[in-house]
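# Descriptive analysis of the structure
The chain contents come next:
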Amino acid sequence: MLAIDETAAARAMIQISRVAKTYRTTDGEIPSLRPIDLSIADGEFVVVVGPSGCGKTTLLRMIAGLMPPSEGEIRVGDRIVTSPHSDVGIVFQSALLLPWRTVLANVMMPVEVKGLPREIYQPRAEALLKMAGLGGFETKHPWQLSGGMQQRVAICRALVHDPKILLMDEPFGALDAMTRERMNAELQRIQRETKKTALLITHSIPEAVFLADRIVVLSERPGAIAAIYTVDLPRPRQLDVLGMPEFVRLTTTIRAHFNAQLD
Amino acid sequence: MQRLQKMIQAPWLRPLIFLVILIALWDFAIRIFHIPPYQVPAPIDVVITLWQEWPKLMSEAVPTTVATVYGFLLSAVFGIPIAMLIAGSRTIESYVYPLLVFSQSIPKIAIAPLFVVWFGFGMTPKVLSAFLLGFFPVVVSAVQGFKSVEPDLLDLARAMEASRLQIFRMVSLPYAMPAIFSGLKVSITLAVVGAVVGEFVGSNSGIGYVLQRSIGNFELPTMFAALVILALIGVILFWILDLIERLVIPWHASQRQDVIVAA
Ligand SMILES: Nc1ncnc2c1ncn2[C@@H]1O[C@H](COP(=O)(O)OP(=O)(O)O)[C@@H](O)[C@H]1O
Ligand SMILES: [Mg+2]
């Protein structure tokens, strides 16, 4: 039993142990996340769903090292996270591209910040853009791109320094339904091709089931893990999985969680 | 006919057309209401004075322009870093900003004579007076610019392990640029006023001096001609600043149309 646990821990890319967060503000303490245990394997695609305000963003920011947990510890690889680190790339809800930079220069920003060699990483940036279907847009400026394209640029920027982990906080929340479905298929392909460990936060249950190897359902604030579901749909998944019985069963089960919480 | 229509649609021509209409109304009003020339001169008299006194007016315009530009540059050189400090530190803001705002309720024109007492006749009091008027709008706009940087954007840069200096150089400063420029534009027009006030109270050169003397001698056409020159100084300096803005922040929304047309 112990031995199995250890090997699981050894293979874990992200190990979250008894992590809790309470914000201390002038209005007093706001408990935002109850102690959470979660282990994410290398190459795994984990999706977190939960009602708004339950601490999803908080969890993601702690994994990125943007703020410390109040309790517990987070390990990425074999390091304990205490500050921002190079193992993650982040995508937020809005693309957050810098309008004064071209598409390529935006993607290259982490390379510049970290002082990595340009001659190695620029071809990588260009290859990423091509893979994301943005070949030929390198010299365009962000405002000349559609919302979906901007978000794909943001994903390339998150991947350019070759981090092991891709963290995404509701990255497609601002897109229309059609674009969103296309982006989901695109993201699945990018994640498979780059073999990254991925942690995605979303409000959309179909999006979660479509993308995830495992779905973590959080409860109301302060969030705790209410359930974890393994998605056994074969990959690569096409958009037609949306009609499969297994897909429908999972979305119904997960939705029931939220309805139950509302009662 | 079509060509004429096209010409009228040229954007630079429109204010000129409006100006001609205003001047015609001015002339018209003088004739209708029999306004005596010692109260309001006829436009043609002003034009004749401008024509005859042009070399003299130009040579008086030089010190005024120089004082304006120096005062404006001082405003920028001091205003922007102070805004950086105010926006960067809550402590500095709480000490400095309220006093700065309070100082604005002191009529600056009342201080100008003090500069003459301290620095005598000549350039210094004019420059200081221009600085005094031009300084505040730069600070206010720049503070607002630095503070309006999206928090997520700062988090994104921090997640890339960017240093404070890198964040400032790559994100905050460019982000604040449009606001800084709108402050600079207000500043330069106020710096003209400041320079003239400086010339009112303590100078024997410059357009302000011409204004004061011509009022004293009831030379109204000269006074109006001086006003025209003053307006020209303001417009030209503003226009130069606008040009610099286009070069520095071609990516900004207010400039974009031209970029796309040019591209
Ligand atoms: N900087 C902060 N200071 C105080 N409270 C915060 C802060 N950030 C988030 N919270 C609170 O913590 C809770 C969880 O926030 P968040 O992680 O953003 O939720 P989610 O992303 O799941 O919608 C919310 O109730 C929110 O009000
Ligand atoms: Mg959130």
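Since the structure is predicted, the reported quantities are computational estimates derived from the model, not experimental observations. (Residues numbered from 1 in each chain as written. Chains lettered and ligands numbered in written order. Predicted model: local features only at pLDDT ≥ 70, side-chain atom pairs only at ≥ 80, totals over all residues. Heavy atoms only, no water.)

A few words now on the overall build of chain B. On a plain count of helices and strands, chain B comes out with eleven helices and zero strands. Counting from the amino terminus, chain B carries its helices and strands in the arrangement α-α-α-α-α-α-α-α-α-α-α. Across the 263 residues of chain B, 40% fall into the buried class. A separation threshold of at least 6 residues defines the contact pool for chain B, and within that pool the share at least 24 residues apart is 71%. Here chain B has roughly 15100 Å² of accessible surface; of this, 73% comes from carbon and sulfur atoms. Here chain B contributes 16 positive and 14 negative side-chain charges, whose respective centroids are spaced 3 Å apart. (Helix = DSSP H or I, 4+ residues; strand = E, 2+ residues; numbered from the N terminus. Buried < 20%, exposed > 50% of the residue type's maximum accessible area, 1.4 Å probe, protein only. Contact = heavy atoms within 4.5 Å. Areas by Shrake-Rupley, 256 points an atom, 1.4 Å probe, with all protein chains shown as cover. Lys, Arg positive; Asp, Glu negative; His and termini not counted. Charge placed at Lys NZ, Arg CZ, Asp CG, Glu CD.)

Here the focus is the sheet that holds strand β6 (residues 88-91) of chain A. Residue and element names in this part refer to chain A. The mixed open sheet is built from six strands, whose spatial order is β6-β7-β8-β3-β9-β10. Among the strands making up the open sheet, the edge pair consists of β6 and β10 (225-230). Within the sheet, the average angular offset between the axes of one strand and its neighbour, ignoring direction, is 15°. As defined by bridge partners, strand β3 (residues 45-49) adjoins strand β8 (residues 197-201) across four bridges and the pair is classed as parallel. Opposite V47, over in β8, you have L200 as the bridge partner. (Pairing = 2+ DSSP bridges. Axes fitted to C-alpha atoms, helices over the stretch in contact; angles between N-to-C directions.)

Attention now moves to the pairing of strand β9 (residues 214-218) of chain A. Residues and elements named next belong to chain A. Of all five residues in β9, five are buried; the element is thus mostly enclosed. Burial along β9 is two-sided: the face carrying R214, V216 and L218 and the face carrying I215 and V217 are both buried. Pairing analysis gives four bridges linking β3 to β9, with the strands arranged parallel. If you follow V47 over to β9, its bridge partner there is I215. Here β9 pairs with β10 via five bridges, running antiparallel. Paired with R214 across the two strands is T230, which belongs to β10.

Turning our eyes to something else, we now look at the packing of aromatic side chains. Enumeration over the complete set of coordinates arrives at eight aromatic pairs over all chains. Judged by centre distance (5.7 Å) and plane angle (35°), the rings of W26 of chain B and F224 of chain B are tilted. Linking W26 of chain B in helix α2 (residues 13-33) with F224 of chain B in helix α10 (residues 220-248), this pair joins segments that are 198 residues apart in sequence. Residues W118 of chain B and F119 of chain B carry aromatic rings whose centres are separated by 6.3 Å and whose planes lie at 85° to one another, so their mutual orientation is edge-to-face. One cation-aromatic arrangement involves K21 of chain A over Y23 of chain A; the distance from NZ or CZ to the ring centre is 5.6 Å. (Phe/Tyr/Trp six-rings, centres within 6.5 Å; stacked < 30°, edge-to-face > 60°. Lys NZ or Arg CZ within 6 Å of the ring centre and 35° of its normal.)

Residue and element names in this part refer to chain A. Domain annotation for chain A reports domain 1 (2-87 + 163-262) and domain 2 (97-162). The centre of domain 1, based on its C-alpha atoms, is set 25 Å off from the matching centre of domain 2. On the domain 2 side, the residues contacting the 16 residues of domain 1 number 13 residues. Buried surface at the junction of domain 1 and domain 2, summed over both partners, amounts to about 1300 Å²; 69% is from carbon and sulfur atoms. Its largest share of buried area at the contact with domain 2, domain 1 owes to P163, M183 and I190, together 35% of the area lost on that side. Linking domain 1 to domain 2 there are two salt bridges. K196 is the salt-bridge partner of D162, the closest N and O atoms lying 2.5 Å from each other. (Domains from an automatic or database assignment. Buried area = accessible area lost by both parts, 1.4 Å probe. Salt bridge = Lys/Arg side-chain N within 4 Å of Asp/Glu carboxyl O.)

A separate point is the pattern of salt bridges. Counted by the stated rule, this structure contains 24 salt bridges over all chains. For the salt bridge of R18 of chain A with D37 of chain A, the shortest nitrogen-to-oxygen distance reads 2.9 Å. Of this pair, R18 of chain A sits in strand β1 (residues 12-25) while D37 of chain A sits in strand β2 (residues 28-41), and the two are 19 residues apart along the sequence. Among the salt bridges present, the one from K185 of chain B reaches E245 of chain B, with a minimum N-O distance of 2.6 Å. With K185 of chain B in helix α8 (residues 164-202) and E245 of chain B in helix α10, this residue pair connects regions lying 60 residues apart in the sequence.

Attention shifts here to the site of ligand 1. Residue and element names in this part refer to chain A. Taken together, Y23, T25, I30, S32, S52, G53, C54, G55, K56, T57, T58 and R221 make up all the residues around ligand 1. Between ligand 1 and Y23, the relevant distance is 3.3 Å, taken from a nitrogen atom to a side-chain nitrogen or oxygen of the residue. At 3.3 Å, a backbone N or O of C54 approaches an oxygen atom of ligand 1. Protein contacts shield 65% of the accessible area of ligand 1, which totals 560 Å² for the unbound molecule. (Near = heavy atom within 4 Å. Polar contact = N/O pair within 3.5 Å; in protein donor to acceptor, adjacent residues only side chain to side chain.)

Residue and element names in this part refer to chain B. On the surface, W54, M58, V228, L232, I236, W239, I240, L243, I244, L247 and V248 cluster together into a nonpolar patch covering about 990 Å² of accessible area. With nine residues, the top contributor of residues to the nonpolar patch is α10. Tracing the backbone shows L243 in helix α10. Overall, the relative accessible area of 42% leaves L243 in the partly exposed class. (Patch = residues over 30% accessible without salt bridge, like charges linked within 9 Å, V, L, I, M, F, W, Y side chains within 5 Å.)

In this complex, chain A contributes 21 residues to the contact, which on the side of chain B involves 18 residues. Together, the buried faces of chain A and chain B total about 2100 Å²; carbon and sulfur atoms form 69% of this surface. It is W100, V113 and W143 of chain A that lose the most area in chain A upon contact with chain B, and together they represent 33% of the buried surface on that side. Across the chain A-chain B interface, the total number found is two salt bridges. With its nearest N and O atoms 2.1 Å apart, the salt bridge here joins D155 of chain B to R61 of chain A. Scanning the region where chain A abuts chain B turns up six residue pairs in polar contact (both at pLDDT 80 or more). A per-class count over the side of chain A that touches chain B returns twelve nonpolar, four polar and five charged. (Nonpolar A, V, L, I, M, F, W, Y, C, P; charged D, E, K, R; others polar.)

Okay, the nonpolar core next. I14, I16, I63, I74, I90 and L167 of chain A together with L184 of chain B are the most contacted members of the largest nonpolar core, which has 89 residues in total. With 13 residues, the single largest contributor to this core is α8 of chain B. Apart from residues no more than four positions distant in its own chain, I14 of chain A is found in contact with L38, S39, I40, I63, I74, R75 and I165 of chain A. Formed by 53 residues, the second largest nonpolar core is a distinct cluster that contains V103, Y121, L128 and V160 of chain A. (Core = buried A, V, L, I, M, F, W, Y, C linked by side-chain atoms within 4.5 Å.)

Take unusual backbone geometry next. Residue and element names in this part refer to chain A. Look at the link from R221 to P222: it is a cis peptide, with omega at -10°. Following the sequence through the fold, P222 ends up in the loop between β9 and β10. A cis amide bond links R235 to the next residue, P236, at an omega of -5°. Its location among the elements puts P236 in the loop between β10 and α9 (245-262). For R18, which is not glycine, the phi dihedral falls at a positive 50°. Backbone geometry at D162 places phi at a positive 60°, although glycine is not the residue there. Topologically, D162 is positioned in the loop between α6 (147-159) and β7 (165-169).

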